[in-house]
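# What the coordinates show
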Amino acid sequence: MALQALRSKFPATLTQLVRSLSGGPTIKCGVSEMPVVGLGTWQSKPGVVGAAVEKALSSGYKHIDCAHVYQNEAEIGESFSKMFGEGGIKREDIFITSKLWNTFHRADEVEAACNTTLKNLQLDYLDLYLIHWPIATEPGKGTLFPVDDNNLAILDSKAPAFAETWGALEKLVEAGKCKNIGLSNFNIAQIEEVLSFAKIKPANLQVESHPHLPNLELLEFCKKHGMSFVAYSPLGNPGSVFRKEDQANLLQDEDVLKIAQKHGVSAGQVLIRYQVDKGNAVIPKSVTPSRIEENLNVFGFSLDAGDMETLNNLYKKVGPKGYRTCSVLHWKHSPLYPFAAEL
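Everything in this summary refers to the structure shown in the same document.

What counts and what doesn't
- Residues numbered from 1 in each chain as written.
- Predicted model: local features only at pLDDT ≥ 70, side-chain atom pairs only at ≥ 80, totals over all residues.
- Heavy atoms only, no water.
- Helix = DSSP H or I, 4+ residues; strand = E, 2+ residues; numbered from the N terminus.
- Rg over C-alpha atoms; globule rule 2.2 N^0.38 Å.
- Buried < 20%, exposed > 50% of the residue type's maximum accessible area, 1.4 Å probe, protein only.
- Contact = heavy atoms within 4.5 Å.
- Areas by Shrake-Rupley, 256 points an atom, 1.4 Å probe, with all protein chains shown as cover.
- Lys, Arg positive; Asp, Glu negative; His and termini not counted.
- Charge placed at Lys NZ, Arg CZ, Asp CG, Glu CD.
- Pairing = 2+ DSSP bridges.
- Phe/Tyr/Trp six-rings, centres within 6.5 Å; stacked < 30°, edge-to-face > 60°.
- Lys NZ or Arg CZ within 6 Å of the ring centre and 35° of its normal.

### Focus: the overall build of the chain
For the chain, the count of helices and strands is 12 helices and 10 strands. Taking 2.2 N^0.38 as the reference for a compact globule, 343 residues should give roughly 20 Å; the C-alpha atoms of the chain span a radius of gyration of 20 Å, in line with that estimate. With respect to the three principal axes, the spread of C-alpha positions in the chain is 60 × 50 × 40 Å. Residue burial in the chain is summarised as follows: out of 343 residues, 53% are buried. For the chain, contacts bridging at least 24 residues in sequence account for 73% of all contacts bridging at least 6. For the chain, the accessible area works out to roughly 15500 Å², and carbon and sulfur atoms hold 52% of it. With 35 positive and 38 negative side-chain charges, the chain shows a spacing of 4 Å between the two charge centroids.

See the structure below:
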């Protein structure tokens, strides 16, 4: 076997070997190391999400992604309590992310929102806390999704600036409630604005990314500014209510299937490894025990340059800008809608 092939299959250092035996390799995320494969919990329903988290942790996952708006953090917290107790897993060995929802962008709302997440997850701190979206919606309406009589999202009447929200997140770091803070679903211009005033620089950007939406320009921007990159919906969101009826299924794409056959793995494993080989972290969601195990089992192969070139260009099959599943068009009237260039 050629030396290059050997290097693609085996860690280059003892440190990487230890990591690969304990949940896989990591990437730098602020002051922490983030395991590159995590369990996503978006769209995992109450009643099954807890079991999925327990299965993931017992299978070797070291990274769990959560959010207040998923409305399942209390059940996940019960699983954390169980696994960090009788399960014998150390809290400090697990990288846990959550996110600040749109109705809590005002400075006086941020800490309380974080405290709610910590209480629900039964944690003392988060490894990473993200601003979930750049759009602030009106608080105090008794719902996470306030809408007017025309079913349009009600934007925050005080329109808190990014600087206000970010400053409140920085205080959470100073208070020891979050080790790192970052952004989710922000575009380049919006990230640049945060970078212009941040005392603590964003450690991470989490966005939708898969071969139908590779986000290569955004990835290069993050690398340039020392921000880790996390891909959500890496499989293209199969079965999601957000998908269009005629949306192509990445798991059935002939090029993806050819690459999978070449490496003797599943299409899903190819799509997960695609993110790993780009230097990203990736958070596939599943509540199926066998799939949870399979999604972590992506370190026995790597994609070659030809594979990566093919996957990087798959978006051209679905349009010049690719296809975004989570486009949240009900917020497109906001001046801070992050995907306006795609409309």
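Moving on, there is more to tell.
### Focus: unusual backbone geometry
Its identity as a non-glycine residue notwithstanding, Ala159 has a phi of 45°, on the positive side. Following the sequence through the fold, Ala159 ends up in the loop between strand 6 (128-131) and helix 6 (162-174). Notably, Asn185 is not glycine yet its phi reads approximately 65°, a positive angle.

### What to know about the sheet that holds strand 5 (residues 95-100)
Taken together, the eight strands give an open sheet; going across it, the order is 3-4-5-6-7-8-9-10, and neighbouring strands pair in parallel fashion. The open sheet has two free edges, formed respectively by strand 3 (39-40) and strand 10 (281-282), since each of these has just one partner strand.

### Quick notes on the packing of aromatic side chains
Per the counting criterion, the structure on display carries eight aromatic pairs. Arranged with centres 5.9 Å apart and planes meeting at 75°, the rings of Trp133 and Phe339 form a pair that is edge-to-face. Of this pair, Trp133 sits in the loop between strand 6 and helix 6 while Phe339 sits in the segment after helix 12 (305-312), and the two are 206 residues apart along the sequence. Aromatic pair Tyr337 and Phe339: ring centres 5.6 Å apart, planes at 80°, arrangement edge-to-face. Summarising the burial analysis for this pair, Tyr337 and Phe339 share the class buried. Ring pairs connect the aromatic residues Trp101, Trp133, Phe145, Trp331, Tyr337 and Phe339, which therefore count as one cluster. Across from the ring centre of Tyr125, 4.1 Å away, lies the NZ or CZ of Arg91, which sits over that ring. The ring of Phe339 has Arg324 lying over it, and the distance from NZ or CZ to the ring centre is 3.6 Å.

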